Amino acid sequence: MSIVSTRKEGDILVVSANNPPVNALGQAVRAGLADAIKAAAADDSIKAIVIRCDGRTFFAGADITEFGKPPVGPGLPSVCDAIEASAKPAVAAIHGTALGGGLEVALGCHYRIAVPSAKLGLPEVKLGILPGAGGTQRLPRVVGVKDALPMIVFGDPIPAKKAEAIGLVDRIAGEQSLETDAIAFAREIAKNSTHPVSRDRTDKVDEAKKDPAFFERFRQENARKLRGLEAPVACIEAVQAAVNLPYEEGAKKERELIMKLMGSTQSKALRHVFFAERAAAKIDDIGADTQTLPVKKVAVLGAGTMGGGITMNFLSAGIPVTILEREQAALDRGVAIIRKNYEATAKKGRLTTEQVEKAMSLLTPTLDFNALGEADLIIEAVFENMEIKKEVFARLDGVAKPGAILASNTSYLNLDEIASATKRPESVIGLHFFSPANVMKLLEVVRGAKTAPAVLKTCMELARKINKVAVVSGVCFGFIGNRMLSQRQQEANKLVLEGAKPWDIDRVLTSFGMPMGPFQMSDLAGLDIGWSAETSKSSTIREVLCERGRRGQKTGKGFYDYDENRKASPSPEVEEIIAEFIAKSGSNQRPVSDEEILERLLYPMVNEGAKILDEKIAQRASDIDIVWLNGYGWPAYTGGPMFWADTVGLDKIAESLAKHGFAVAPLLKAKAEQGGKFN
Ligand code: 3HC
Ligand code: NAI
């Protein structure tokens, strides 16, 4: 079957694209669309055109795999122009997602009809580019600048109903009858003597001209969100051109901007992230024929910080959870926090009261271990202590039904040792959530030596259902993420002893694009995790801080001083503590440059990443990137630590590591010598 086919329904030409999985607008699709428009023009019996797609979605955008390759015509801008210039009016019939180039095709059409479940958007900015087929010029003309600008600058799609409200969609179709409704609509509009042409519309942009300060205000209000990003800035410039320039000139500006962005490192990094996210879901040695296990009921052990957050993921996805604690008070506290979190979300308008009650009704709190017997998946989130974990798993083995998946949320402990406490290590897996577990996207799925393929595959699919990005990790201390984090933390501590200030270290990392640095992170988590007054011996700066009551944000002071609004400022007391500590150890402080801080914090992480790859703890370098992007807020526009390392140059990194006394990982060394890359 051809990728684009046409058929006549009386006087309507129905143009159908069929390019699975998402009807990306590759060369053959573009050529097919251009031919169809010509065919309509040449056929006097045709009065109007319907453009639609087979399969799960309307065009989800340009074909990203063609980016960076020599372009083969017709280009998408000219296809959109041809549709718009057609004397026979065109109706876009939208289901699934009309994204990027897909929405641009729809904007080239004279009319748009969509099913209620459809979503429409221009997500190009998330790939570090901007809409390049007239989207930045047509959308503001159709819906106005106030609605168009955020869609283009942030890239989030909007539902069909909203699209109708702002004039992007002319009519809502029946969920099951899009094609017939679109044909009927085409017949109706064919009777009109004129048809709306997006590029010729001036009413909405004239409106925007009355408020010339709008763009500057938008820039200022969103300065924080847009920090360090090239594409959104270009998006604003392009929309500004839509207001101030005639269509042709605005479109020229759009072209110039997209050409510049396309070659940028940020865009390459963001495209890498797009494909890396999808690759992470694939497990190399597990075939499509592996059957997954049903997960209809979940149980969670421990209603502490993690247990509560983990539970919320399943409740929100409509999966019932039994939550177990040792004592009623802890159980009540845990359940109350879950409710409080949901209610806070409802207060912000992101959930209805009914949704909150629906989620809470799926929760069964218990103190009875036997209540876990029904669960298909049991996730343990008790204290981080091997003896306790082994005891819990041995007990679980006694009550869990045959085939139930037994998961641990351990951060660092050896999963295989935990599994050895059961008679069914094949059912044991690590599900390492990140805090706050109801918010953070990352899930490290830890594959034990004996974990069954079906168990692993089930957990990967389940991750998607609860809206997580899952990455497979082998068993090692700290798995992928925390193992690399430990390297950074060690080096940050060393740097402080050499003379770098904690706030300088944090500043270098936040300037790089991380949401916070190691000392801000410690203050947030609490410096006293794993610390006890009885055993504290003033042997590290952290111990001294805890001894002096500086235990982090919760005590109003840690590495930083905090005011009543939790605003941090560098602490003179901490500076003194550090100076005394260094003096006692007999070493000298020296000035440490920002460049040295960055290299010594991030290069050892890359080095550790190379070992993780070499040991096959991670399946692929891009999986390591996904862990850091989704678990620790590494800036996506650098692509993640391993992609970033490629852009820095592995030879440069290896050289710097050696200079600072690190043993360079063999894989990194080999790649550096051969001029190779991780990705
Ligand atoms: N080009 C090429 N391949 C694409 C693609 C695209 N635009 N969009 C998705 N795919 C591929 C994915 O890589 C994946 O391949 P795989 O199965 O080999 O891993 C497959 O299609 C299925 O994708 P998902 O797993 O993401 O499927 P979902 O059903 O979860 O999501 C979607 C569907 C919402 C359409 C999502 O794929 C998506 O957001 N796609 C990207 C949309 C986008 O960014 N469009 C703008 C492109 S840039 C552009 O249009 C420029 C223009 O202005 C000139
Ligand atoms: P927490 O101390 O907040 O919660 C643990 C809960 O488990 C407590 O409420 C405790 O009463 C309960 N508990 C202990 N033994 C139990 C038993 N036998 N049966 C039932 N309940 C029991 O600890 P947190 O932070 O939630 O950590 C739990 C696990 O998650 C640990 O393994 C930790 O390493 C891991 N983790 C923690 C993260 C964090 O940021 N806090 C992040 C990722 C993983």
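Computed from a prediction, not measured in an experiment: that's the story for all the values here. (Residues numbered from 1 in each chain as written. Chains lettered and ligands numbered in written order. Predicted model: local features only at pLDDT ≥ 70, side-chain atom pairs only at ≥ 80, totals over all residues. Heavy atoms only, no water.)

Draft legend 1. The arrangement of helix α20 (residues 479-498) in detail. When the terminal C-alpha atoms of α20 are compared, their 29 Å separation across 20 residues agrees well with the 28 Å that a helix rising 1.5 Å per residue should span. Looking one or two residues beyond α20, the residue adopting positive phi is glycine 499, at roughly 130 degrees. (Helix = DSSP H or I, 4+ residues; strand = E, 2+ residues; numbered from the N terminus. Expected span 1.5 Å × (residues − 1).)

Draft legend 2. A look at the site of ligand 2. In the vicinity of ligand 2 there are 19 residues, among which Met306, Glu325, Glu384, Lys389 and Ser411 approach most closely. One nitrogen or oxygen atom from the side chain of glutamate 325 is found 2.5 Å from an oxygen atom belonging to ligand 2. At 2.6 Å, a side-chain N or O of lysine 389 approaches an oxygen atom of ligand 2. Contact with the protein chains removes 78% of the 830 Å² of surface that ligand 2 exposes when unbound. If you list the elements that add at least two residues to the shell around ligand 2, you get α14 (305-316), α17 (386-399) and β15 (428-433). Classifying every residue of the shell around ligand 2 by side-chain character gives seven nonpolar, eight polar and four charged. (Near = heavy atom within 4 Å. Polar contact = N/O pair within 3.5 Å; in protein donor to acceptor, adjacent residues only side chain to side chain. Areas by Shrake-Rupley, 256 points an atom, 1.4 Å probe, with all protein chains shown as cover. Nonpolar A, V, L, I, M, F, W, Y, C, P; charged D, E, K, R; others polar.)

Draft legend 3. Structural context of the site of ligand 1. Around ligand 1 lies a shell of 25 residues, among which Arg56, Glu104, Glu124, Arg278 and Lys282 are the nearest. At a separation of 2.7 Å, an oxygen atom of ligand 1 approaches a polar side-chain atom of arginine 56. For ligand 1, an oxygen atom lies 2.7 Å from a polar atom in the side chain of arginine 278. Look at ligand 1: alone it shows 990 Å² of surface, and the protein chains cover 74% of it. The set of elements that each furnish at least two residues to the shell around ligand 1 consists of β5 (97-99), α3 (101-108) and α13 (265-280). With three residues, α13 is the largest single contributor of residues to the shell around ligand 1. When grouped by side-chain class, the residues that make up the shell around ligand 1 number 13 nonpolar, five polar and seven charged.

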